[in-house]
Amino acid sequence: MPDFTQPSPPSTPPSLPSHQRCRPSDATKGLLVALLGGGLPAGFVGPFSRMAYQASHLPSLELLICRCLFHLPIGLLLRLRGDPLLGPPDVRGRACLHALLNVLSIGCAYSAVQVVPAGNAATVRKGSSTVCSALLALCLESQGLSGYDWCGLLGSTLGLIIIVGPGLGTLQEGTTGLYTALGYVLAFLGGLALSLGLLVYRSLNFPSCLPTVAFLFGLVGLVGSVPGLFVLQTPVLPYDPLSWSCVGAVGILALVSFVCVSYAVTKAHPALVCAVLHSEVVVALMLQYYVLYETVAPSDIMGAGVVLGSIAIITAQNLSCEREGQVEE
């Protein structure tokens, strides 16, 4: 006879078999990496670049050279692994093109933040990269987007227009207004080059692709920026610790953002990655107000809220999981 006076042990819910366990999908992982590792660190790059320029008038090309130096040690990793520094011969041209497009994008961005507020420059660059990525992916890759994705893209673009629209409508006449307009044009061209670079990177598929393109960015950037610095600008050797701290922070944060964005674009649609990277704009606006003590208009706050809401829509739509058994199949 069983002893009913003894309490029965608590029942434990049966564990799912290993083939039924759920894990984040590739799109989910890509968007989270783009948000946390790409957008948030990149939001500090623009304000720190502007601080370095305000402290010692550091030229944009010199700042780009300092950033490229942080990419060169990756070549040691490629040598230790026995991989070619410039990539396989059949894709070497596209890898160099990707590096060139990224160098042009970063050079335009660094030049723009010297004449327009860092938040506005990041806004125009990210907005143009999102729109261009969506159009290029539709035209060249025939990749469709869901209704929620289009809603998030349009919402984030609307938020960027709210942020930058009033500033474009009140440009001053004369030399100051001309330089301001040129800064916005450079920011737009930087976004266009960024979208083209992401599209080229998606076509690369070989082992050690990520460290190879990271090293090529530093190499191509140095080859193009060093002659341009002495021809177009005047080199400056900063003496204050603030400038060197800003340069070091820009190099490290930009390298982290570069690696994370390059990884994310292989997992998720490039337009969605660019839309999630709009978080950079929100971070840049916060630093613009609290660190640089530059004015943040009510339209900036409203646009930042719209951008964050759009990012939430895109992320929630793409937050899904896959059965491990299905992935293996």
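Quantities reported herein were computed from a predicted structural model and do not represent experimental measurements.

Caption draft 1: View of unusual backbone geometry. Even without a glycine there, the phi angle at H57 is positive, about 55°. Within the secondary structure, H57 is located in the loop between α1 (26-56) and α2 (60-69). Located in the positive-phi region is S208, a residue other than glycine, with phi close to 60°. Its place among the elements puts S208 in the loop between α7 (175-202) and α8 (209-232).

Caption draft 2: Seen up close, the nonpolar core. In this structure, L31, L64, Y110, L204, F217 and V273 are the most contacted members of the largest nonpolar core, which totals 64 residues. L204 has contacts with V91, R94, A95, C209 and V213, leaving out every residue within four places of it along the chain. Counting eight residues, the second largest nonpolar core, distinct from the first, contains V116, A121, V124 and A187.

Caption draft 3: Representation of the environment of V116 within the structure. Following the sequence through the fold, V116 ends up in the loop between α4 (92-112) and α5 (118-141). C-alpha separation for the pair V116 and G183, spaced 67 residues apart in sequence, amounts to 6.1 Å.

Caption draft 4: Spotlight on the UniProt feature "transmembrane region" (unreviewed entry) in the protein. If you check UniProt for "transmembrane region" (unreviewed entry), the listed places come out as residues 30-48, 150-169, 181-201, 213-236, 242-265 and 272-291 in our numbering. Across residues 30-48, helical content stands at 100% and strand content at 0%; the span's end C-alpha atoms are separated by 26 Å. Measuring from the first to the last C-alpha atom of residues 213-236 gives 29 Å, for a span that is 83% helix and 0% strand.

Caption draft 5: Region of the structure containing the pattern of salt bridges. One pass over the structure, following the stated rule, counts one salt bridge. Across the salt bridge formed by R81 and D83, the nearest N and O atoms sit 3.6 Å from each other. With relative accessibility at 48%, the residue R81 sits in the partly exposed group.

Caption draft 6: Layout of the packing of aromatic side chains. Counted under the stated rule, the structure contains three aromatic pairs. Ring geometry for F44 versus F48: centroids 6.0 Å apart, planes at 45°, classification tilted. Residue F44 and its partner F48 are located together in helix α1, separated by four residues, close to a single helical turn. On the basis of an interplanar angle of 40° and a centroid distance of 5.3 Å, the ring pair of F217 and F258 is categorised as tilted. Taken as a pair, F217 in helix α8 and F258 in helix α9 (residues 241-264) lie far apart in primary sequence, 41 residues in all. For the pair formed by F217 and F258, the shared burial category is buried.

Caption draft 7: Structural detail: the packing of helix α3 (residues 74-81) against α8. Between α3 and α8, whose axes approach to 8 Å, the crossing angle comes to 140°. In terms of orientation, α3 and α8 fall into the oblique class. Handedness of the α3/α8 crossing: left-handed. Residues I74, G75, L77, L78 and R81 of α3 form the contact with α8, whose participating residues are P211, T212, A214 and F215. Taken together, the residues of the contact of α3 with α8 break down into six nonpolar, two polar and one charged.

Caption draft 8: Representation of a nonpolar patch on the surface in the model. Taken together, V115, Y179, L182, V185, F188 and L189 make up a surface patch of nonpolar side chains, about 540 Å² in accessible area. Residue placement: V185 occurs in helix α7. On the basis of relative accessibility, which here comes to 44%, the residue V185 falls in the partly exposed class.

Caption draft 9: Representation of the environment of S257. Inspection of the secondary structure puts S257 in helix α9. Residue S257 is classed as buried on the basis of its relative accessible area, which comes to 10%. C-alpha separation for the pair S257 and L36, spaced 221 residues apart in sequence, amounts to 9.1 Å. Those residues in contact with S257 that lie beyond four places of it in its chain are G37, G38 and A42.

Caption draft 10: Here's a closer look at the environment of L86. Mapped onto the elements, L86 comes out in the loop between α3 and α4. The spatial distance from the C-alpha of L86 to the C-alpha of C96 is 7.9 Å, given a sequence separation of ten residues. Apart from residues lying up to four places away in sequence, L86 is in contact with R92, T212, L216 and L219.

Criteria and thresholds
- Residues numbered from 1 in each chain as written.
- Predicted model: local features only at pLDDT ≥ 70, side-chain atom pairs only at ≥ 80, totals over all residues.
- Heavy atoms only, no water.
- Helix = DSSP H or I, 4+ residues; strand = E, 2+ residues; numbered from the N terminus.
- Core = buried A, V, L, I, M, F, W, Y, C linked by side-chain atoms within 4.5 Å.
- Buried < 20%, exposed > 50% of the residue type's maximum accessible area, 1.4 Å probe, protein only.
- Contact = heavy atoms within 4.5 Å.
- UniProt positions renumbered as here; feature names shortened; annotations may be inferred.
- Salt bridge = Lys/Arg side-chain N within 4 Å of Asp/Glu carboxyl O.
- Phe/Tyr/Trp six-rings, centres within 6.5 Å; stacked < 30°, edge-to-face > 60°.
- Axes fitted to C-alpha atoms, helices over the stretch in contact; angles between N-to-C directions.
- Parallel < 35°, antiparallel > 145°, perpendicular 65-115°, else oblique.
- Left-handed = near helix turned anticlockwise from the far one by under 90°.
- Nonpolar A, V, L, I, M, F, W, Y, C, P; charged D, E, K, R; others polar.
- Patch = residues over 30% accessible without salt bridge, like charges linked within 9 Å, V, L, I, M, F, W, Y side chains within 5 Å.
- Areas by Shrake-Rupley, 256 points an atom, 1.4 Å probe, with all protein chains shown as cover.

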